[in-house]
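# A look at the structure
Here's the letter readout for the chains.
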Amino acid sequence: MLKKLTICLALLAGAGACTNDFEEINVNPNAPNTVPVDYLLGQSQLLLTGSASGPASKAWRANFGYAACLIQQMSSIDATFYKGSFYTFLGEINSAFFDNSYTYAVKSMVNLIEVAKQDPKNVNVLSMARIIKVMEFSRTTDLYGDIPYFEAGKGFIDGNFSPKYDAQHEIYMDMLKELEEAGKAFDAGQYIPKAADYIYGGDLDKWKRAANSLMLRLAMRMQKADPANAQLWVKKAIDGGLITGNAETIAVKFANTGAEINSNPNSWILGPSGSNITNIPNAGVQWAKTLIDMMKERQDPRLSVISMTKSGDNGVAKQRGLPNATDATGLAGLDEKNLDNYSRPATGVIGIALPWVYMSYAETQLLKAEAIERGWATGNAKAAFVEGQSAALTQMSWANATISNADIAAYAAKNAYPESGTLAAKMNAIHTEVYLLSASTFNHIEGYANWRRTGYPVLTPVNYLGNDTNGQIPRRLRYPLSEEGINPNFKTAIERQGPDVFMTRIWWDKQ
């Protein structure tokens, strides 16, 4: 904000006295005293994806470099960057999401909330901001565990540059509360930021259902750690109403301008503008053998949509996944030594104007099926599963692909719900679908979290020479190396959570 001048300076002899309208004539009419909430809202949504702060941190390093490779959805021969494929540590890759989140997204979201609070007419902006903040923090805490939460992002507000690390259980309970309160606070009689809302264009009913859907995801994540509260919040979420179809999938929409800030960050990294696919065979990331083999065995019609060889061949028979923990030396020992013949993301799913998916309708239905099987919700678990399974295929329209009804029916028949099976068999069926869903939407961070919570699908770890986990899939990412020296509260998290290593389980990740 421009500081008001309260005194006049005699700059030249005879210049005369101060005029009565000195302040008015010395204010730049083109410089606003405060940034409009619409701009802050749009910026915060873009920062959620990482596009407004450079997608390398969240998309390239966290989503692809670690998460996608850790759960064997993607793989790379580049052992110096794609550490998730080898269970090894590199500080700048490991800490990228943490550093980016607090440096950019958290500050923007906290500021937006503080500004929106000042005027009751901005209650809808405030509610959106509270939900977006939960979306950001839930990913950060799911990746690292205990993190700064309640005091985070307020350095420019209250001068606290060393926020305390909060216990994940407390963070989760507050995030659930925020979703509930924000969802109920929407008011159609107040200002609605349609143009600045890149998720729902100001549709408040969709936002309410989105809050409940996010609530369902977080509640289910507490399934082992706090089953009583998990059941309570699952009921609130479902009773409140979940998103109703693929058109309500929680996703940030992008414009096809060619600019990085207005581009899907996953596509920006994977596509011609980025550094991944274009760097194969010297670097880059491709689909993993575990994923491709699974999709082939299940006769998944999404395979020919999301995958192709370098030549552009998307035929199912031509798809070949790259084994995880395969470096350049290991590649030389495989039957197929040419990376051009291994599957990579198809051009149709990496367009820069495609939506950035955070939580799909299909996921809500699959989680609902689990909740019903656990006795936490009423309804027909098989029906919810079938709906989620079908929605996961039909939603590929976001990538301008159409999967026929015949193919959907054939897939359902091949991968039927084990209605009379054990609970373990049902959980395997449900969460294998979630696994494939997260892969096909490049939502690998969510896939990593869901795999840790459920253990499905069962994955066989790799044991790369010199790995940091004794051949076990890491349970979390490590804190940035700088935190110990910068924030004295860092030690509290270590004392409460455990050693700052890959194999320390976070609060909800129970065996």
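If you're wondering where the values come from, they're calculated on a predicted model, not measured in any experiment.

### Considering the packing of aromatic side chains
A full pass over the atoms with the stated rule returns 22 aromatic pairs. Pairing Tyr66 with Phe502 gives two aromatic rings, centres 6.1 Å apart and planes at 55°, and the pair type is tilted. With Tyr66 in helix α3 (residues 56-70) and Phe502 in the segment after α21 (490-497), the pair connects residues that are 436 residues apart, well separated along the chain. The exposure class assigned to Tyr66 is buried, which follows from its relative accessible area of 1%. The rings of Phe98, Tyr102, Phe137, Tyr144, Tyr149, Phe150, Tyr165, Tyr479 and Phe490 are connected pair by pair, giving a single aromatic cluster. Against the face of Trp233 rests Lys236, its NZ or CZ located 4.0 Å from the ring centre.

### Side note on the layout of surface pockets
The computed volume of the largest pocket comes to approximately 430 Å³. What lines the largest pocket is a set of 19 residues, among which Tyr102, Thr103, Phe161, Pro163 and Glu483 lie closest to the centre. Taken together, the elements giving at least two residues each to the lining of the largest pocket come down to α5 (96-116), α7 (155-158) and α20 (483-486).

### Quick word on the environment of Gly183
Here Gly183 is to be found in helix α8 (residues 168-185). Along the backbone, Gly183 and Asp500 are 317 residues apart, and their C-alpha atoms lie at a distance of 36 Å. Sequence-distant contacts of Gly183, defined by excluding residues within four places in its chain, comprise Lys208 and Ala211.

### Some points on empty space enclosed by the protein
Here the structure, examined in full by the defined rule, presents five cavities of 30 Å³ or more. Roughly 110 Å³ of volume is contained in the largest cavity. Among the residues making up the lining of the largest cavity, the classes are represented as eight nonpolar, five polar and two charged. Looking at the second largest cavity, its volume works out to about 50 Å³. Of all the secondary structure elements, the ones that give two or more residues to the lining of the second largest cavity are α6 (123-144), α9 (204-221) and α19 (444-454).

### A closer look at the pattern of salt bridges
Summed over all chains, the structure comprises 33 salt bridges. A salt bridge links Arg217 to Glu363; the shortest N-O distance between them is 2.8 Å. Highlighted residues: Arg217 in helix α9 and Glu363 in helix α15 (residues 361-373), separated in sequence by 146 residues. What makes Arg217 buried here is its relative accessible area of 4%. Accessibility expressed as a relative area gives 3% for Glu363, which makes it buried. It is possible to trace a salt-bridge network through shared partners that takes in Arg130, Asp174, Lys177, Glu178 and Glu181.

Calculation notes
- Residues numbered from 1 in each chain as written.
- Predicted model: local features only at pLDDT ≥ 70, side-chain atom pairs only at ≥ 80, totals over all residues.
- Heavy atoms only, no water.
- Phe/Tyr/Trp six-rings, centres within 6.5 Å; stacked < 30°, edge-to-face > 60°.
- Helix = DSSP H or I, 4+ residues; strand = E, 2+ residues; numbered from the N terminus.
- Buried < 20%, exposed > 50% of the residue type's maximum accessible area, 1.4 Å probe, protein only.
- Lys NZ or Arg CZ within 6 Å of the ring centre and 35° of its normal.
- 1 Å grid on protein atoms, 1.4 Å probe; cavity = no way out; pocket = protein on both sides within 12 Å on 5 of 7 lines; lining within 4 Å.
- Points joined across faces, edges and corners; volume = space filled by probe spheres on them.
- Contact = heavy atoms within 4.5 Å.
- Nonpolar A, V, L, I, M, F, W, Y, C, P; charged D, E, K, R; others polar.
- Salt bridge = Lys/Arg side-chain N within 4 Å of Asp/Glu carboxyl O.

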